[in-house]
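Chain residues, written in single-letter form:
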Amino acid sequence: ESAYVAKVYSASAKARCPVSERGYWDEKAGEVGLGPRVIAKTEDALLLEYVEGIAPSADFLTTKYADHAARRLAEMHALSFSGPHASARPLWRSIETALSKTKDSVTKAAT
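These figures come from a predicted structure and were not determined experimentally.

J.: Which parts of the structure should I look at to understand the overall build of the protein?
T.: The number of helices and strands found in the protein is 4 helices and 3 strands. Seen in sequence order, the protein has helices and strands lined up from the N terminus as β-α-α-β-β-α-α. Relative to its full complement of 111 residues, the protein shows a buried share of 19%. For the protein, long-range pairs separated by at least 24 residues make up 61% of all intrachain contacts whose partners lie at least 6 apart in sequence. A total accessible area of about 8200 Å² is found for the protein, and carbon and sulfur atoms account for 58% of it.

J.: Before we go on, may I ask you to explain the nonpolar core in this structure?
T.: Looking at soluble globular proteins, one finds that nonpolar side chains tend to be buried together. Judged by nonpolar contacts, Tyr9, Ala13, Val38, Leu46 and Leu48 together constitute the single largest core of 5 residues. Setting aside its immediate chain neighbours within four residues, leucine 46 contacts Val5, Ala6, Lys7, Tyr9, Gly23, Asp26, Val38, Ala40 and Lys41.

J.: Looking at this structure, I do not really get a nonpolar patch on the surface. What am I missing?
T.: On the surface, Tyr4, Ile39 and Leu47 cluster together into a nonpolar patch covering about 250 Å² of accessible area. Locating leucine 47 in the fold gives a position in strand 3 (residues 45–49).

J.: Any chance you could explain the pairing of strand 2 (residues 38–41) here in plain terms?
T.: Consecutive residues of a regular strand have side chains that alternate between opposite faces of the sheet. Two elements, strand 2 and strand 3, share 3 bridges in a ladder whose sense is antiparallel. Paired with lysine 41 across the two strands is leucine 46, which belongs to strand 3. Linkage of strand 2 to strand 3, two consecutive antiparallel strands, is achieved through a turn of 3 residues.

J.: I keep staring at the environment of aspartate 26 and nothing clicks. Help me out?
T.: When you line up the elements, aspartate 26 lands in helix 2 (residues 24–31). A C-alpha to C-alpha distance of 6.9 Å links aspartate 26 and valine 38, two positions 12 residues apart in sequence. Excluding residues within four positions of it along the chain, aspartate 26 makes contact with Lys7, Tyr9, Pro36, Val38 and Leu46.

So, how was this worked out
Residues numbered from 1 in each chain as written. Predicted model: local features only at pLDDT ≥ 70, side-chain atom pairs only at ≥ 80, totals over all residues. Heavy atoms only, no water. Helix = DSSP H or I, 4+ residues; strand = E, 2+ residues; numbered from the N terminus. Buried < 20%, exposed > 50% of the residue type's maximum accessible area, 1.4 Å probe, protein only. Contact = heavy atoms within 4.5 Å. Areas by Shrake-Rupley, 256 points an atom, 1.4 Å probe, with all protein chains shown as cover. Core = buried A, V, L, I, M, F, W, Y, C linked by side-chain atoms within 4.5 Å. Patch = residues over 30% accessible without salt bridge, like charges linked within 9 Å, V, L, I, M, F, W, Y side chains within 5 Å. Salt bridge = Lys/Arg side-chain N within 4 Å of Asp/Glu carboxyl O. Pairing = 2+ DSSP bridges.

So, to be careful, I would describe these as geometric facts and stop short of saying anything about function.
The structure is reproduced here in C-alpha cells:
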C-alpha cells in the first residue's frame, strides 16, 4: 500500500515563487534520490511519496542525524541541472522577495 504527503503552498510561498517554478527543485531532488518523488503537482500543492524517516526534534542538531542531513544537503546544493530553471537561485530569490515585502510593510507602517 502506498502512502503520500501533500505539500500545500502558503500565500507567502506563492508570493515568493513563480508558478512555473513551484515544485521544480522538489522534482529534481526526488529524481536523484535526495528527496521524495513528486507524484503530482498543481500551482497550489505537491503530492509526494511518503518516505519513512525521523522527525526532527530539539536535539536534532546535536545528533548523528545532523551530520547525515548536512551531507545530503551539500550533495543537493552541488547538483547541476539543465532546463528552464537550472540557473535559478530560488532560495536567494525567495529571501530577497521576503525581505522586500518586509521592507515595504515596515515603510507603510511608518508612514
